[in-house]
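# Observations on the three-dimensional arrangement
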Amino acid sequence: MNTPAPRPATGDVTTSDDTAPRTSIWAPLAVPIFRALWLTALVSNIGTWMQTVGAQWFMVEQHTHPLLIALIQTASAAPVLLLGIPAGVLGEFLNRRSILIWMQTLQVLLSAALVTLTATGEMTPYLLLLITVLLGAATAVQLPAYQALATEIVPLRMVPMAASLSAVSVNVARAIGPAVAGVVLSGFGVAFVFGMNLLSFAAFLIVLITWRTYRPNPHQAERFVDAARAGLRYVTQAAVVRRMYVRLGAFVVPASVLYALLPLIATQRLNLDSAGYGLLLAGLGIGSVGAAFLIPWFHALGANRTVLLSSVLFGAATIGVAVSPWLFLTLPILAVAGAAWIGVVATLNGAVQSFLPVWVRARGLSVYQMVLYGAMAAGGLASGLIAGWIGAIATSAIAGAATLVIAASQLLWPLLETADKKRDTFALPLADAVRDIDGHSPTLVLVRYDVAGEQEAAFVQQMNAVEHSRRRTGARTWALYQDREDGTWVEVFGVGSWSEHLQQHQTRLTQYDQAVIETAGALAQSVDVNHLIEHDSAASAHTKPRQTHATVTAHPRQEKTP
């Protein structure tokens, strides 16, 4: 079957008062190719976490410093932080299936080398860190492409559920993989764990190779640097997305300490061997799998309350694990921690994927992955350094307390409402024919508004929203002036190129952006638009009702600082 074109999701990601019929969390699995990709991606993710645990236990067996043990997590996560933006651009404009095939092939080859070196006794701690970094780099490149691909092959109504399932896959694997690895380690050793990871990568690669009906969606060409800037500009200017990312990073930094130091808690606090460590990981896994069945309840509860409640539970569970002296008490506490982790990360991931517009989805998701993995890397590094100083138990307790403080901050700084921000793409046509010009020339857009005196206060307030819309969709500079001669208002914003300005009109505006701009125009008696293109003497303009195309010369009397 041919893959349908990607479509934006709509709906409220932070409140629970959506009156539309709710789709089951499992509904996207009815789509055959999504089901095949999701299941094999789950297996591949499980293998990845098995490899992480195997690497950590290899370090324990080698009696390395706690910093090197914690650096396994950092080595996996740091490449996502370094390569996130380029990966997002590649995932936006190249064939996503091809990206996945090449990166999965690389992971198969690296995993084969890992198995061979370990089985022959040639593996060293530093060589293991190097291979882990390379595997992390391949993961970094494929993550944005996979997440954007997963949401484009299901019907529109299932996009939020597909996004949540993708998050569930990653986070359930985070718990199941270590649990299975712990059991396998006790019976077969580290090399066998690495071999199972190799097989999991191969399974996902086979599905990708045999899926030949995928057709990439056409994209208007953009220069690499401009595309990267546009993605970063959107994230920094979209307050809803920015706050989700800050909340995610603030939670993950202290929360990742529990995962990074759990091997040391197992050996130092509970005096467990690899089999006992596997039981601890199984406790996390049971909680995470159970949380997957609570996703519909999370949606009904709303993102704000879900993230707040889950953060509190995770912080309390981290402290509980640190102080518990008994295995039978630690296991249920870890189950709560596993469920709470899913509650935070899967909820935020689903909300982000549902909210990001189609034109910037892969780039926006790449920044999400940068925040997630960067926070994990930072948490792993910090936990290793602090644990080497004050011990793993005290470090875990401090991390749990920090998680509780961060959770409390959400009462003052909650996630933003999104019910009124419609995400469907809206194209503003350029009605006038435009002669050939250099598409890469910097462009200055001037919009003159003739506003009656009694409407000026409302107009200036509305232009605050217009500024954010312009900057989200491509404006690098923005200012509002008032002409001292006739009192009209002049909006001036600069775009990196004429091509990027065309993108503003054709693909980047959502229905919410359209409403913001039209509301400002409705407060004016007339609107005149003019484009000035650097190194080109002729300015091209598009028409709207009551527009004239005279050259605008504004004499600034009042400027709104961008």
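Small disclaimer: the values here were computed from a predicted structure and weren't measured.

## Description of the confidence of the model for the protein
When pLDDT is averaged along the protein, the result is 78; 83% of the residues meet or exceed 70. Note that pLDDT drops below 50 for residues 1-21; the model gives that stretch 63 contacts with residues more than four away or on any other chain. Note on residues 430-436: pLDDT under 50 across the span, and 14 contacts to partners over four residues away in sequence or across chains.

## So, helix α7 (residues 224-237)
One full turn of an α-helix is made of 3.6 residues, so residues set three or four places apart face in the same direction. Look at α7: 20 Å from first C-alpha to last across 14 residues, which is about the 20 Å you get at 1.5 Å a residue. Within α7, burial applies to D226, A227, A228, A230, G231, R233, Y234 and V235.

## Observations concerning the packing of aromatic side chains
Applying the stated criterion to the full structure yields 12 aromatic pairs. A connected cluster of aromatic rings, assembled from ring pairs, spans F251, Y259, F314 and W341.

## Considering the nonpolar core
With 133 residues, the main nonpolar core has F34, L128, Y234, Y245, L262 and F314 as its most contacted residues. For this core, the leading source of residues is helix α8 (residues 239-269), giving 16 residues. Y449, F459, W478 and L480 belong to the second-largest nonpolar core, a separate cluster that totals 19 residues.

## Concerning the pattern of salt bridges
A complete count under the given rule lists 4 salt bridges for this structure. With its nearest N and O atoms 3.3 Å apart, the salt bridge here joins D483 to R448. Highlighted residues: D483 in the loop between β2 (475-482) and β3 (489-495) and R448 in strand β1 (residues 443-450), separated in sequence by 35 residues. Look at R448 and you get buried, because its relative accessible area is 13%. Where E467 meets R471, a salt bridge forms, and the shortest distance between an N and an O atom there is 3.1 Å. Remark: R471 and E467 occur in helix α15 (residues 456-473); sequence separation between them is 4 residues, near one turn of the helix. Each member of the pair, E467 as well as R471, is classed as buried.

## A look at the side chain of S469
Position of S469 among the secondary structure elements: in helix α15. In contact with S469, other than residues within four places in its own chain, are L509, D513 and I517.

## With respect to the pairing of β2
Counting buried positions along β2 yields 6 of 8 residues, so the element is predominantly enclosed. The sheet contact formed by β2 and β3 spans 7 bridges and is antiparallel. Residue pairing across strands places L480 opposite E491, the latter belonging to β3.

## Quick notes on the packing of α8 against helix α13 (residues 361-390)
Contact geometry for α8 and α13: axes closest at 7 Å, N-to-C directions at 40°. One element, α8, and the other, α13, form an angle in the oblique class. Of the two elements, α8 crosses α13, and the hand of that crossing is right-handed. In this structure, α8 contributes Y245, L248, G249, V252, V253, S256, V257, A260 and L261 to the contact, and α13 contributes G364, L365, V367, Y368, V371, L372, A375, M376, G379, G380, S383 and A387.

Reading the values: rules and limits
Residues numbered from 1 in each chain as written. Predicted model: local features only at pLDDT ≥ 70, side-chain atom pairs only at ≥ 80, totals over all residues. Heavy atoms only, no water. pLDDT = per-residue confidence, 0-100. Contact = heavy atoms within 4.5 Å. Helix = DSSP H or I, 4+ residues; strand = E, 2+ residues; numbered from the N terminus. Expected span 1.5 Å × (residues − 1). Buried < 20%, exposed > 50% of the residue type's maximum accessible area, 1.4 Å probe, protein only. Phe/Tyr/Trp six-rings, centres within 6.5 Å; stacked < 30°, edge-to-face > 60°. Core = buried A, V, L, I, M, F, W, Y, C linked by side-chain atoms within 4.5 Å. Salt bridge = Lys/Arg side-chain N within 4 Å of Asp/Glu carboxyl O. Pairing = 2+ DSSP bridges. Axes fitted to C-alpha atoms, helices over the stretch in contact; angles between N-to-C directions. Parallel < 35°, antiparallel > 145°, perpendicular 65-115°, else oblique. Left-handed = near helix turned anticlockwise from the far one by under 90°.

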